[in-house]
Amino acid sequence: MPLLEVQNLSKTYRQMGGDTTVAIGEISCKIEPGEFVSFVGPSGCGKTTLLMSIAGLIAPSAGQVIIHGKEVSGPPPNLVLVFQDFNKSLFAWRSVLGNVRFGLEARGHRWRQGEDKARSLIDLVGLKGFEDHYPWELSGGMQQRVAIARALAYEPEVLLMDEPFGSLDALTRLELEDTVLQLWEELRTTILFITHDIEEAVYLSDRILLLSQRPSRIIEELPIDFARPRNQVITRSQPRFMEIRNCIYQRIRNESALS
Amino acid sequence: MRASKLNGLLFFLGLLIVWELVAQARLINPLVVPPLSRILGVFSDLVWSGQIPLQVASSMKRAAAGYIMAAVVFIPLGILMGLSQSVYRLFEVIVEMLRPVPPPVMIPVAMLFFGLEDEMKIFVIFFSCAWPILLNTLDGTRNVDRVLLNTARTFGLSRWKIIWNIILPAASPQIVTGLKVSLPITLILVVISEMVGSTDGIGYFILDSQRRFRVAQMYAGMLTLAILGYALNQFFNVLYRLLMPWHVGLMRMKDAA
Amino acid sequence: MLFALLLLMWEFGSRLSPALQSYLPPVSRIFRSLAELVISGQLVSHLMITLSRFLQGYLLAASIAVILGIVLGYFRLAHSLFEAVIEFLRPMPSVAIIPVAVLLLGIGDAMIVAVTVYASVWPVLINTMDGVRHLERTLIDTGRTFALNRRKILWLVVLPAAAPYIVTGLRISLSIALILVTTAEMIAGSRGLGFFILDQERSMNSSNMYAGVILVSALGYVLNRLFVLGEGWAMQWRRGMLAQESV
């Protein structure tokens, strides 16, 4: 049985003045445990809405999300979302350690417990030594690492990431891609990843789901079977990498042209 | 959004109706909280008979005098202090020493000098409005962009022209903030000074009504004050929009950015 | 410099002109009265009374206003219900409540604390409400994605995030509370610094009156300083942030 299933999900927004925007037309998909799945699509195609619906933060207009056989109606306890805007998501009043601890507290750990776990996670994301710093003191890339560590401290079965590296520079993005892969290899969390960066998706995922323009549907599903662990140089220089990338790019361009 | 405003108004009206019913049913001592209808009745009587307008006029006379005097004295002072370090240092200590004095405490001092006359209240208001107006003007002057000043100097403008044409407009947002903040302070202090030492004015009227146990009248006075507070605020906004339309636009731009 | 000059002018001008002395006694005499009153304990007892009323009023108001502010800021329904009531009551100067309070509670501590509470609630309430209402959606969603219940979100996310706004309101209320206590003491009290100052004015004891003014101003100053210190300690995490912003 799949870990997570999206069944006929659709979302319509009603604006002031009566106009409606259909963000998600109809999306269905199945996610197996331990998979790394990316959603790629043109801008404005409702990727964030999709992830927010899966995360239980938005109620769908139709359809449902099923996790472990149970319908999602509100944030499920075994799933966590990492936001694109880490600046607005991190807690400014807590240190790095405090932020990561928050994930543990939310899990139910008492205050003093789990400090070791928090520290090891901070180490895992590469921020050892920065435990007592405050978010404003860190660079963008470091802040997002804190957000990821915080999410992982919660021990979720499913990690949702909404364009987490979108506002970072290219080099930092590459670093963080590898960080996420390392974490994934070690923890085997199921990851749902949204990005507009096609190559990033190809580099990271087991499977890519292509979304159409609004109202969005899944127009193609591509399995990605490059050897793991992946490598920024080796994996990306394989001819097949560019083939897949071009194929996706073409598909998306055609979609955009259609609208 | 309009629906929620309606909710609020309905709720408010609902509360008023509850008040009326509870008071009429004598569930609350009517000597302490009379029915709303009676209060409104007394209020309208007093307005039509001219009593309330008279008291309001007395209060406003003093308030306006104190407020305008404070503006006339402290805006120029603030500008001077902002522009010249020596002037600032001259007055700095006095300002720092006098700032912590809670304004109502100046009332007995003023009474010593001016008795219970209008001058007493005018002085108190003058003193209380000083700090918001002075400090905001000072701040605004200090924060005038260097580039702006240098541009003016390049054009060879005289010092007075610079102050009038560049500094005053550039600092005016802050100055207006100071004036705006001083408005409720003025109202509060005119009321307090009348309650402590006066023979007329809206503050005196409310306290006097309470002392004579004319309770509905007291509430009518309070209603007058609420309306007055609101009206002054609106009046200020209208004046501001008339006199400084360029600033309204600038602020909107800043907010959007 | 000017200050010292003015003080000297005051001192000598007053000594030289007997007529002026009843309004503006020499500075030295004022300080002598201050010392005498403090030593005799008279002024100190008034100070303690004022301080106690202040603390009761301020702390009670702060507690009520923060809780109410969070509720009204976070729950849209509550806010829309009470919006009209708040907008109506806001423009009315809080001091107008004094006669009502006297009517209901007579003259004495209860009345004074009550009016202080009423007046001090407003700045904290409005600032807290605004702070909570303008919290980033993402921040709240972060709390939600960790599957926290509402209470936990309010306590762990909303409250700390709104803290800067709350603190601003608390700072404003500090001055307001002191003003109200002294005012109420002047209008309808029989003890306390406000009453003392007015009483001395009535008995034409001007140097005692000024002594009282100095003491109450000192009280206000000290309270303000203590608040700023406390704020700095509690909001340590902001200090660095603010420093960076001003760069």
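Within any chain, residue numbers begin from 1 and follow the written order of that chain's sequence. A letter from A marks each chain and a number from 1 marks each ligand, given out in the order of writing. Local features in a predicted model are, by the rule used here, given only for residues with pLDDT of at least 70; side-chain atom pairs are given and counted only at 80 or more, and totals for whole chains, interfaces and linings are based on all residues. Water and hydrogen atoms were dropped before computing side-chain values, which therefore reflect all heavy atoms in the structure.

**Regarding the overall build of chain A**
Okay, so step 1: Along its length, chain A carries nine helices and ten strands.
Okay, so step 2: Our radius of gyration looks at C-alpha atoms and nothing else; its globule reference is 2.2 Å times the residue count to the power 0.38. Here the C-alpha radius of gyration of chain A, 18 Å, is about what a compact globule of 259 residues would show, namely 18 Å.
Okay, so step 3: The principal-axis extents of the C-alpha atoms in chain A amount to approximately 55 × 45 × 40 Å.
Okay, so step 4: The buried share of chain A, reckoned over its 259 residues, is 54%.
Okay, so step 5: Contacts are assigned to residue pairs that have any heavy atoms within 4.5 Å of one another. Of the contacts made within chain A by residues no fewer than 6 positions apart, 70% connect residues no fewer than 24 positions apart.
Okay, so step 6: Put simply, chain A shows about 11,300 Å² of open surface, and 49% of that area lies on carbon and sulfur atoms.
Okay, so step 7: For the purpose of charge, His is not counted, nor are the chain termini; Lys and Arg are scored as positive and Asp and Glu as negative. Where a charge lies is defined by one atom per residue type, namely NZ (Lys), CZ (Arg), CG (Asp) and CD (Glu). Between the averaged position of the 28 positive side-chain charges in chain A and that of its 33 negative side-chain charges there is a distance of 3 Å. Each helix is a run of DSSP H or I of at least 4 residues and each strand a run of E of at least 2, with the numbering of both proceeding from the N terminus. Relative accessibility under 20% of the residue-type maximum defines a buried residue, over 50% an exposed one, and the middle range a partly exposed one, all with a 1.4 Å probe and only protein chains included. Throughout, the Shrake-Rupley method with a 1.4 Å probe supplies accessible areas, and for residues the shown protein chains are the sole cover considered.

**Side note on the overall build of chain B**
Okay, so step 1: In terms of regular secondary structure, chain B is built from eleven helices and zero strands.
Okay, so step 2: Ordered by position from N to C terminus, the α and β elements of chain B give α-α-α-α-α-α-α-α-α-α-α.
Okay, so step 3: Since a compact globule built from 257 residues should have a radius of gyration of about 18 Å, the 23 Å found for chain B marks it as more spread out than a globular shape.
Okay, so step 4: Buried positions account for 48% of the 257 residues belonging to chain B.

**Describing the interface of chain A and chain C**
Okay, so step 1: At the interface, 27 residues of chain A touch 18 residues of chain C.
Okay, so step 2: The term buried area means the drop in 1.4 Å probe accessible area that two parts suffer when joined, counted for both and summed. For the pair chain A and chain C, the two sides together bury roughly 2,100 Å², of which 71% comes from carbon and sulfur.
Okay, so step 3: It is Lys88, Trp93 and Trp136 of chain A that lose the most area in chain A upon contact with chain C, and together they represent 36% of the buried surface on that side.
Okay, so step 4: The shortest N-O distance in the salt bridge between Lys88 of chain A and Glu136 of chain C comes to 3.9 Å.
Okay, so step 5: Each polar contact in these results corresponds to two N or O atoms within 3.5 Å; when the atoms are within protein, one needs to be able to donate a hydrogen and the other to accept it, and residues that are neighboring in sequence are counted only if both atoms are side-chain atoms. Counting the contacts that link chain A with chain C gives four residue pairs in polar contact (both at pLDDT 80 or more).
Okay, so step 6: At the level of elements, β6 (79–82), α2 (86–89), α3 (96–107) and α5 (140–153) of chain A are the ones that each hand at least two residues to the side of chain A that touches chain C.
Okay, so step 7: In terms of residue count, the dominant contributor to the side of chain A that touches chain C is α3 of chain A (four residues). Salt bridge, as used here, is a side-chain nitrogen of Lys or Arg placed within 4 Å of a carboxyl oxygen of Asp or Glu.

**Here we look at the nonpolar core**
Here is a general trend for soluble globular proteins: nonpolar side chains tend to be buried in one another's company.
Okay, so step 1: By convention a nonpolar core is built from buried Ala, Val, Leu, Ile, Met, Phe, Trp, Tyr and Cys residues, the set being connected through side-chain atoms within 4.5 Å. One finds Val202 and Ile248 of chain A, Leu225 of chain B together with Phe54 of chain C to be the most contacted residues of the largest nonpolar core, which totals 207 residues.
Okay, so step 2: Looking at which element gives the most residues to this core, the answer is helix α9 (residues 150–188) of chain C, with 20 residues.
Okay, so step 3: One finds Leu3, Ile24, Leu51 and Leu209 of chain A within the second-largest nonpolar core, a separate group that totals 31 residues.

**Overview of the pattern of salt bridges**
Okay, so step 1: Tallying each qualifying case throughout the model produces 29 salt bridges over all chains.
Okay, so step 2: The shortest N-O distance in the salt bridge between Glu221 of chain A and Arg207 of chain A comes to 3.1 Å. One end of the pair, Glu221 of chain A, is in strand β10 (residues 216–223); the other, Arg207 of chain A, is in strand β9 (residues 207–211), with 14 residues separating them in the sequence.
Okay, so step 3: Residues joined in a network through salt bridges with shared partners are Lys61, Arg62, Asp118, Glu194 and Asp200 of chain B.

**A word on the arrangement of the chains**
Okay, so step 1: Between chains B and C lies the most contact-rich interface of the two pairs of chains that touch.
Okay, so step 2: No interface is formed between chain A and chain B, the nearest pair of C-alpha atoms being 10 Å apart.

**Quick word on the packing of helix α10 (residues 193–202) of chain C against helix α11 (residues 206–234) of chain C**
Residues and elements named next belong to chain C.
Okay, so step 1: For the pair α10 and α11, interaxial distance at closest approach is 8 Å and the crossing angle is 160 degrees. With respect to α11, the element α10 is oriented roughly antiparallel. The handedness of the crossing between α10 and α11 comes out as left-handed. Residues Leu193, Phe196, Ile197, Gln200 and Glu201 of α10 form the contact with α11, whose participating residues are Asn208, Met209, Gly212, Val213, Leu215, Val216 and Leu219.
Okay, so step 2: Taken together, the residues of the contact of α10 with α11 sort by class into eight nonpolar, three polar and one charged. With axes taken as lines fitted to C-alpha atoms, and helix axes fitted only over the stretch in contact, angles between N-to-C directions fall between 0 and 180 degrees. Roughly parallel refers to an angle under 35 degrees, roughly antiparallel to one over 145, roughly perpendicular to one between 65 and 115, and oblique to any angle outside these ranges. Crossing handedness is defined as follows: a turn of the near helix away from the far one that is anticlockwise and smaller than a right angle gives a left-handed crossing, while the clockwise case is right-handed. Residues are grouped as follows: Ala, Val, Leu, Ile, Met, Phe, Trp, Tyr, Cys and Pro are nonpolar; Asp, Glu, Lys and Arg are charged; all remaining types, including Gly, are polar.

**A short note on a nonpolar patch on the surface**
Residues and elements named next belong to chain B.
Okay, so step 1: In this scheme, patches are assembled from residues that exceed 30% relative accessible area and form no salt bridge. Like charges are connected within 9 Å, while nonpolar side chains (Val, Leu, Ile, Met, Phe, Trp, Tyr) are connected within 5 Å. Together, Phe235, Val238, Leu239, Leu242 and Leu243 make up an exposed nonpolar region whose accessible area comes to about 540 Å².
Okay, so step 2: For Leu239, the position within the fold is in helix α10 (residues 215–243).
Okay, so step 3: A relative accessible area of 38% means that Leu239 is categorised as partly exposed.

**Topic: the interface of chain C and chain B**
Okay, so step 1: At the interface, 42 residues of chain C touch 46 residues of chain B.
Okay, so step 2: Between chain C and chain B the total buried area reaches about 4,000 Å² when both faces are included, carbon and sulfur atoms providing 84% of it.
Okay, so step 3: Our count for the contact surface shared by chain C and chain B stands at zero salt bridges.
Okay, so step 4: Summed over the shared surface of chain C and chain B, the number is one residue pair in polar contact (both at pLDDT 80 or more).
Okay, so step 5: Contributing elements (two or more residues each) for the side of chain C that touches chain B: α1 (2–16), α5 (76–89), α6 (97–105), α9, α10 and α11 of chain C.
Okay, so step 6: Looking at the side of chain C that touches chain B residue by residue, the classes come out as 33 nonpolar, six polar and three charged.

**Describing the sheet that holds β10 of chain A**
All names here are of chain A.
Okay, so step 1: In spatial order, the strands read β5-β4-β1-β2-β10-β9-β3-β8-β7-β6; together these ten strands make up an open sheet with mixed pairing. A single partner strand is all that each edge strand has here, and the edge strands are β5 (70–71) and β6.
Okay, so step 2: Relative to β5, strand β4 (residues 62–67) runs antiparallel, the two sharing two bridges. Following the sheet pairing, Ile67 is matched in β5 by Lys70. Any two strands with at least two DSSP-identified bridges between them are counted as paired.

**A closer look at the packing of aromatic side chains**
For any pair of aromatic rings, the description consists of the separation of the ring centres together with the inter-plane angle of the planes.
Okay, so step 1: Planes of paired rings set the category: under 30 degrees apart is stacked, over 60 is edge-to-face and the rest tilted, where pairs are Phe, Tyr or Trp rings (Trp by its six-membered ring) whose centres lie within 6.5 Å. Under the defined criterion, the tally for this structure stands at 19 aromatic pairs over all chains.
Okay, so step 2: Ring centres of Phe12 of chain B and Phe88 of chain C lie 5.3 Å apart, and the angle between their planes is 45 degrees; this geometry places the pair in the tilted category. Of this pair, Phe12 of chain B sits in helix α1 (residues 2–24) while Phe88 of chain C is found in helix α5, placing the two residues in two different chains.
Okay, so step 3: By relative accessible area, which is 16% here, Phe12 of chain B ends up buried.

**Remarks on the side chain of Lys47 of chain A**
Okay, so step 1: Residue position: Lys47 of chain A is located in helix α1 (residues 47–54).
Okay, so step 2: Leave out the neighbours within four places in its chain, and Lys47 of chain A touches Phe39, Val40, Gly41, Pro42, Glu163, Ile194, Thr195, His196 and Leu211 of chain A.

**Observations concerning α1 of chain A**
Residues and elements named next belong to chain A.
Okay, so step 1: Of all eight residues in α1, seven are buried; the element is thus mostly enclosed.
Okay, so step 2: Looking only at α1, the buried set comprises Lys47, Thr49, Leu50, Leu51, Met52, Ser53 and Ile54.
Okay, so step 3: Just past α1, the residue Gly56 takes up positive phi, approximately 80 degrees.

**Here's the deal with the side chain of Glu200 of chain A**
Residue and element names in this part refer to chain A.
Okay, so step 1: With respect to the helices, strands and loops of the structure, Glu200 is situated in helix α7 (residues 198–204).
Okay, so step 2: One buried charged side chain, Glu200, makes no salt bridge at all; its nearest oppositely charged neighbour is Arg173, positioned 5.1 Å away.
Okay, so step 3: A distance of 2.9 Å separates a polar atom in the side chain of Glu200 from a polar atom in the side chain of Thr195.

Such coordinate-based values are descriptive only and should not be taken to indicate function.
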